[in-house]
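What follows is the residue order along each chain.
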Amino acid sequence: MQPDNPITNLLGQYRDIPGGLLPLLHAIQREVGYIPPDRVPAIAHAMNLSRAEVHGVISAYHDFRTEPAGRHTLQICRAEACQAMGSRALEDHAKQSLGVDFGDTTADGAITLERVYCLGNCACSPSVRIDDSVHARVDPARLDALLAELGEAG
Amino acid sequence: MSGALPVLDRPLTRNVRADRSPTDMAAYEANGGYRGLRAALAMSAADCLQVLKDSNLRGRGGAGFPTGMKWSFVPMGDACSPGHKYLICNADEMEPGTFKDRLLMECDPHQLVEGMICAAYTLQADVAYIFIRAEYHKATRLLQEAIDACKAKGYLGDNILGSGYNLEMHVHSSAGRYICGEETALISSLEGKRANPRAKPPFPQVSGLWGRPTIVNNVETLCNVHHIIERGADWFQSLGLTADAGTKLYGVSGRVKNPGCWELPMGTPVREIIEEYAGGMEEGYQLRGFLPGGGSTDFLTVEHLDLAMDYDTIGKAGSRMGTGTMIILDDKTCPVGFVKNLTEFFAQESCGFCTPCRDGLPWSAQVLDDIEHGRGLPEDMDTLQRQVAFIGAIGNTHCALAPGAMEPIQSALKYFREDFERHIDGGSCPYCDGGNS
Ligand SMILES: Cc1cc2nc3c(=O)[nH]c(=O)nc-3n(C[C@H](O)[C@H](O)[C@H](O)COP(=O)(O)O)c2cc1C
Ligand code: SF4
């Protein structure tokens, strides 16, 4: 992957938008999957900010990654309602069956596992999010089925 | 019985279908949609504001501040220097246990857009933003579609319905920080900066986004506005059972038979919400306590079940109605572990500006973790009590995140003290066998 050109294009698109840094970072992440740290100086230059300011923003928000994630992201909710409904067992199951800890990506690059607080789905706990879809009332068997649907098995 | 309320008395959820499918422009208009907008444009902005004030609408984002009064601080007409005025909808909804705004946005996106156009007209704002949590992809897409449909119909853009009033509206995705929900942090974030809260004064009403007059309101608050303008302050007042007006989206999550979210008259008793709407506790579980309005509100317990869920009643009982979405603590869940989990959330979400919050919250979480795992000492109880007094004091920190984080701890120490002591005395968690700790 050569993340350079798409980023240069995006810099041109967002440089004149007031408050454009966050939309720009979202766009870069959509395009190349993460915010390459070696592009921070170029981002800072385009947005007329210091590198520290750009780094400050990237590191202040949970959604921005500074390294590539897996092809899919699995987030397990750890807020109160989900915990009361068995999300801790789900966390253990996910860690074991994927063989990774939270924040890590499986060796084949398929799935990144994360914990998240509250997906706003508390009436249907426990909840997980796979990529952009939230799934409700997930037990270990259902989680296995959802992951199998990704077609990444192997 | 409120279960049999006529449809019209649930203005906010009248377009919410059983399968939660979104209501589009055609269906929305067929059910009276955008009549409130026409009613507003036929009135002066000052008259709209007066109706809002008379209605006694209070902010649904947690603090319950009277909306009309908040709006009246925005400079109008010649009193306002030339330039933009902004209306921002706070759709960040990251308070643990809160899921009401998502329902409103996913099921009836036009309702929020209409409410916002009427609110912006009242304030004579020319730019509106919906600041939405990044995880809410579906709501983001539906709101953008609703905005586009409004532009096509002349409900947004220049010279709305020939009134001479102009408004543009944008959807802005957040990037995953609970503190972005605090209104001044939200403004910093929208400006493309780190989400650090700002000192008040100056209040955003006078100097907010880019230094211009700005109003930030919650999704549910804004969804009420056009209904009030169309149907009047008296109608709105008549919906509430107690001194507070309107309806409220109440939610219940945890070990109840039928967790969910319902629009009920403001002031519906807690017991009715938990026992009738949420179906009572699941078989084999007892209610120990509940956080009435999300993760940053004080626990209440069984003795408070007959209270009315409104701002003043819950406030007098020592908690806050907050967002009105209750989290139930059952008798098989360890209260210490429950509170620790919440505290870890608030510690993680501190923006780091104030020392009591940045360093104090991880310390509280650590003390709670020690107690939960049987490593606690008797003096840890005093440590927690001191932290509650220091971190929880309004004014020791820049924003309400840190004091909010102390609310579940201080009330757990009050109502579940024996649980803490059993952990410390026994050197282990008495709930561990239940699998919840
Ligand atoms: C840490 C923190 C998080 C908040 N999160 C939200 C939120 O997600 N949504 C919201 O509407 N208000 C939130 N608020 C309250 C807002 O600061 C503000 O009071 C509210 O948006 C005003 O709207 P209202 O008057 O319509 O209630 C939060 C406050 C604090 C201190
Ligand atoms: S109380 Fe916490 S979140 Fe609020 S400004 Fe201070 S450090 Fe930031």
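Residues take numbers from 1 onward in each chain, read along the sequence in its written order. Each chain is given a letter, starting from A, and each ligand a number, starting from 1, according to the order in which they appear as written. With the structure being a predicted model, the display of local features is reserved for residues of pLDDT at least 70 and the display and counting of side-chain atom pairs for 80 or more, all residues being used for whole-chain, interface and lining totals. Side-chain measures here rest on the full set of heavy atoms in the structure, leaving out hydrogens and waters.

Let us now look at the site of ligand 2. The local shell around ligand 2 holds 13 residues, among which B:Cys351, B:Phe353, B:Cys354, B:Cys357 and B:Cys399 are the closest. Any residue that is not Ala, Val, Leu, Ile, Met, Phe, Trp, Tyr, Cys, Pro, Asp, Glu, Lys or Arg is counted as polar, Gly included; the first ten are nonpolar and the last four charged. Looking at the shell around ligand 2 residue by residue, the class counts come to 9 nonpolar, 4 polar and no charged. We call a residue near a molecule or strand whenever a single non-hydrogen atom of that residue lies within 4 Å of it.

A word on the domain arrangement of chain B. All names here are of chain B. Boundary definitions for the domains trace back to an automatic or database domain assignment. Here chain B is described as being made up of domain 1 (7-239), domain 2 (247-330) and domain 3 (335-426). Just the C-alpha atoms count here: the centres of domain 1 and domain 3 sit 35 Å apart. Here a residue-residue contact requires only that any non-hydrogen atoms of the pair lie within 4.5 Å. Taken together, the contact between domain 1 and domain 3 spans 12 residues of the former and 11 residues of the latter. Both faces considered, domain 1 and domain 3 share a buried interface measuring about 940 Å² in area, 67% of it formed by carbon and sulfur atoms. Of all residues in domain 1, the largest losses of buried area upon contact with domain 3 belong to Arg-177, Tyr-178 and Pro-197, amounting jointly to 45% of the total for that side. Salt bridges are identified by distance alone: a Lys or Arg side-chain nitrogen within 4 Å of an Asp or Glu carboxyl oxygen. The tally of links between domain 1 and domain 3 comes to 1 salt bridge. When two components associate, each loses some accessible surface as probed by a 1.4 Å sphere; the sum of these losses over both components is called the buried area.

You'll often see interface size given as the accessible area lost when the parts meet. Along its sequence, chain A is organised into domain 1 (4-60) and domain 2 (72-150). Measuring from the centre of the C-alpha atoms in domain 1 of chain A to the corresponding centre in domain 2 of chain A gives 30 Å.

Attention shifts here to the packing of helix H5 (residues 100-107) of chain B against helix H6 (residues 109-123) of chain B. Residues and elements named next belong to chain B. Helix axes are fitted only over the stretch in contact, all axes being lines through C-alpha atoms; the angle between N-to-C directions runs from 0 to 180 degrees. Helix numbers and strand numbers start at the N terminus; a helix is a DSSP run of H or I with at least 4 residues, a strand a run of E with at least 2. At a minimum axis distance of 4 Å, the contact between H5 and H6 shows a crossing angle of 95°. When the axes of H5 and H6 are compared, the pair comes out roughly perpendicular. On the side of H5, the interface is formed by Leu-104, Met-105, Glu-106 and Cys-107, while H6 contributes Pro-109, Gln-111 and Leu-112. When the residues that make up the contact of H5 with H6 are grouped by side-chain class, the tally is 5 nonpolar, 1 polar and 1 charged. Each angle gets one of four labels, with under 35 degrees taken as roughly parallel, over 145 as roughly antiparallel, 65 to 115 as roughly perpendicular, and the rest as oblique.

All right, on to the site of ligand 1 then. Residues and elements named next belong to chain B. Taken together, 18 residues are adjacent to ligand 1, and Gly-61, Asn-90, Asn-217, Asn-218 and Thr-221 come closest. Note that an oxygen atom of ligand 1 is positioned 3.0 Å from one of the backbone N or O atoms of Glu-183. Pairs of N or O atoms within 3.5 Å make up the polar contacts considered here, provided that, within protein, one atom can donate a hydrogen while the other can accept it, and that residues adjacent in sequence are counted only when both atoms are side-chain atoms. Within the side chain of Asn-218, a nitrogen or oxygen atom sits 2.8 Å from an oxygen atom of ligand 1. Burial of ligand 1 by the surrounding chains reaches 89%, relative to a free accessible area of 610 Å². Per element, the largest residue contribution to the shell around ligand 1 is 3 residues, and it comes from strand E4 (residues 214-218). Here the shell around ligand 1 is built from residues that sort into 5 nonpolar, 7 polar and 6 charged. Each accessible area value is a Shrake-Rupley result obtained with a 1.4 Å probe; residue values ignore everything except the protein chains displayed when judging cover.

What follows concerns the interface of chain B and chain A. Facing the 45 residues of chain B at the interface are 32 residues of chain A. Note on chain B versus chain A: buried area summed over both sides is about 3100 Å², and carbon and sulfur give 53% of it. Among the residues chain B hides against chain A, the three largest losses belong to B:Glu135, B:Ala175 and B:Asn341. Together they make up 19% of the total. For the pair chain B and chain A, the interface holds 1 salt bridge. With a closest N to O distance of 2.7 Å, A:Arg78 and B:Glu344 form a salt bridge. Run the count over chain B and chain A and you get 20 residue pairs in polar contact (both at pLDDT 80 or more).

Residues and elements named next belong to chain B. The strand order E3-E2-E1-E4 describes an open sheet built from 4 strands, whose pairing is parallel. Of all strands in the sheet, those with a lone pairing partner are strand E3 (168-173) and E4, marking the two edges. Within this sheet the neighbouring strands show an average axis-to-axis angle of 20°, counted without direction. Any two strands with at least two DSSP bridges between them are considered paired. Taken together, the 6 bridges between strand E2 (residues 127-132) and E3 define a ladder with parallel strand orientation. By the bridge assignment, Phe-131 is partnered in E3 with His-172. Along the sheet face, helix H9 (residues 219-231) touches strand E1 (86-91) and E4 and points at about 100° away from the line of E4.

The criterion is simple. A nonpolar core is a set of buried Ala, Val, Leu, Ile, Met, Phe, Trp, Tyr and Cys residues joined through side-chain atoms within 4.5 Å. The buried label applies to any residue whose accessible area, calculated with a 1.4 Å probe on protein chains only, is under 20% of its type's maximum; exposed applies above 50%, and partly exposed to all values in between. In this structure, A:Ile43, B:Leu87, B:Leu112, B:Val113, B:Ile117, B:Ile130 and B:Met169 are the most contacted members of the largest nonpolar core, which totals 149 residues. With 9 residues, H6(B) is the single largest residue contributor to this core. Those residues in contact with B:Ile130, other than ones at most four positions away along the chain, are B:Cys89, B:Ala91, B:Leu112, B:Met116, B:Leu143, B:Ile147, B:Met169, B:His170, B:Val171 and B:His172. Counting 23 residues, the second largest nonpolar core, distinct from the first, contains B:Tyr250, B:Ala278, B:Leu305 and B:Ala317.

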